[in-house]
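So the chains spell out like this:
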Amino acid sequence: MTSFNDEYSLLAPGPVNLHPEVRKALALPMIHHRTPEFDVILKRVLAGIRQVFQTKEDVYLLSCTGSGGLEALLVNVISPGDKVLAIVSGKFGERWAEMAKTFGADVSIINVPWGETVNPKDVEAHLQRLPETRAVLCQACETSTAVAHPIQKLAEIISGFPETLFLVDAITALGAYSLPMDEWKIDGLVAGSQKAFMLPTGMAFISFSKKAQAFFEKATCPRFYFDVRKEKKANASGETFFSSNVTILRALDVVLNLINKQGLESLFHAIHRRAEFTRIFAQQLGFTLYAKSPSDSVTALVVPTTMDGQKIRLELEETHNITIMGGQDQAKGKIIRIGHMGYIQDHELLKLIDNLGQVLRKFDPGSLTLEQISMVVNDGKQWLENNP
Ligand SMILES: *Cc1c(COP(=O)(O)O)cnc(C)c1O
């Protein structure tokens, strides 16, 4: 049984460990969203979150999970019958393509083998053939495979096509590594509260480029809850259109303040450092990396062929009080996935490596000696000290 005390590590690629200040904010007494107290918070959050999106455009704060944000990106800019190109490189890419089909888009798919990145030339060739394509859909980080796609390169290509918008699912990327929306010319971007934003599940944050905003009126997809035109108007008068998610927005205010104090670059560095550490020392234990171009937000490790990833995951949780994730679909049992977003301290990283070693030893006593495990952990400790 997992005990949810301060020794518990939630190292999933979302939801994530919460910062103590965030936990405090979540415990505050409820206030109404139409109050001067909340008005101040909403105003500050609407202004502050642009810094993480690295945009001058409006960012909308939606009460829904990340998937609602993906739907909002689509329905505000596409119309039934529009051609859409979906890059499918894992579970989340599959789902977004399905969603676009559900809204009547004429969806073409570039299938990318799991663990690999899309070749930008394939996207370019597709758009040259079908320049009327309304949107290209891609994950910045495909969380099911831990792959980071070449977003800057793709944006550079797509921005050359005047009819085509580049919509990016950055639910495990925005806030974990740099994705400057304006500079790179990304047309639609979605982030999720429980992933890189280090909050509980329940909100999605989205933004559109000017090029995308021009489609708000032209798009004929049915939309009501996710009609950003209503949200834009409400935000302009200092409100959200529906009831505000007071609890999460107050916690977001805390997160933005923490990011502001730390600096975006320093936040990205901290996440990169955890990813580097995990990649180096998990490989020393005998795992290999699943992603050819690994994301800093999550690491996918191929487990030794004699073992079952699901069992490793369970054992780590039941015996060592650490939650990580297994693989989905075709990667089920073959990989484990470790998240690097959220409030993670160095001692948790060392414990993770130590405990992973012990779990491997439990399932295959010949795989590692106790001395080998403690050597890897000691090297890890040195590395953390030498790489602040
Ligand atoms: C988690 C995730 C989603 C889905 O988000 P929900 O909050 O579960 O709706 C979509 N895309 C990616 C890349 C994700 O990591």
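J.: Which parts of the structure should I look at to understand the pairing of strand S15 (residues 335–339)?
T.: On any regular strand, side chains alternate: one points to one face of the sheet, the next to the other face. Extensive coverage of S15 is indicated by the burial of five of its five residues. Pairing between strand S12 (residues 298–302) and S15: five bridges, direction antiparallel. In the strand pairing of S15, Val 302 is matched with Ile 335. Across two bridges, the pairing between strand S14 (residues 325–326) and S15 is antiparallel. Residue Gly 326 lies in a different strand from S15, and its bridge partner there is Ile 336.

J.: Please clarify how the domain arrangement of the chain should be interpreted in this entry.
T.: One frequently used descriptor of interface size is the decrease in accessible area upon assembly of the parts. Per the domain assignment, the segments making up the chain are domain 1 (9–16 + 264–386) and domain 2 (31–261). Measuring from the centre of the C-alpha atoms in domain 1 to the corresponding centre in domain 2 gives 29 Å. Among the residues domain 1 hides against domain 2, the three largest losses belong to Leu 264, Phe 268 and Gln 328. Together they make up 24% of the total. Seen at the junction of domain 1 and domain 2, the total is two salt bridges. One salt bridge in this structure joins Glu 116 and Lys 292, with 3.3 Å as the shortest N-O distance. Counting across the domain 1 and domain 2 interface gives seven residue pairs in polar contact (both at pLDDT 80 or more). Elements with a minimum of two residues in the side of domain 1 that touches domain 2: helix H11 (264–285), S12 and S15. If one sorts the elements of the side of domain 1 that touches domain 2 by residue count, H11 sits on top with four residues. Of the residues belonging to the side of domain 1 that touches domain 2, the class tally is 15 nonpolar, eight polar and four charged.

J.: What is the right way to look at the sheet that holds strand S11 (residues 288–289) in this model?
T.: Each strand in a sheet pairs with another by means of backbone hydrogen bonds, the pair being arranged parallel or else antiparallel. Taken in spatial order, the four strands of this open sheet run S11-S12-S15-S14, and their pairing is antiparallel. At either margin of the open sheet sits one strand with a lone partner, and together these are S11 and S14. Alignment of S11 against S12, held across two bridges, turns out to be antiparallel. Its bridge partner lying in S12, Thr 288 is registered against Val 302. The strands that H11 touches are S11, S12 and S15; relative to S12, the one it contacts most, it runs at about 10 degrees.

J.: In this structure, what is going on with the site of the ligand? I would like to understand it.
T.: Around the ligand, a shell composed of Thr 65, Gly 66, Ser 67, Phe 92, Cys 141, Thr 143, Asp 169, Ile 171, Thr 172, Gln 194 and Lys 195 is seen. One nitrogen or oxygen atom from the main chain of Gly 66 is found 2.9 Å from an oxygen atom belonging to the ligand. When the free accessible area of the ligand is taken as 390 Å², the share hidden by the protein chains comes to 90%. The residue inventory of the shell around the ligand, partitioned by class, reads three nonpolar, six polar and two charged.

Rules and cut-offs
Residues numbered from 1 in each chain as written. Predicted model: local features only at pLDDT ≥ 70, side-chain atom pairs only at ≥ 80, totals over all residues. Heavy atoms only, no water. Buried < 20%, exposed > 50% of the residue type's maximum accessible area, 1.4 Å probe, protein only. Helix = DSSP H or I, 4+ residues; strand = E, 2+ residues; numbered from the N terminus. Pairing = 2+ DSSP bridges. Domains from an automatic or database assignment. Buried area = accessible area lost by both parts, 1.4 Å probe. Salt bridge = Lys/Arg side-chain N within 4 Å of Asp/Glu carboxyl O. Polar contact = N/O pair within 3.5 Å; in protein donor to acceptor, adjacent residues only side chain to side chain. Nonpolar A, V, L, I, M, F, W, Y, C, P; charged D, E, K, R; others polar. Contact = heavy atoms within 4.5 Å. Axes fitted to C-alpha atoms, helices over the stretch in contact; angles between N-to-C directions. Near = heavy atom within 4 Å. Areas by Shrake-Rupley, 256 points an atom, 1.4 Å probe, with all protein chains shown as cover.

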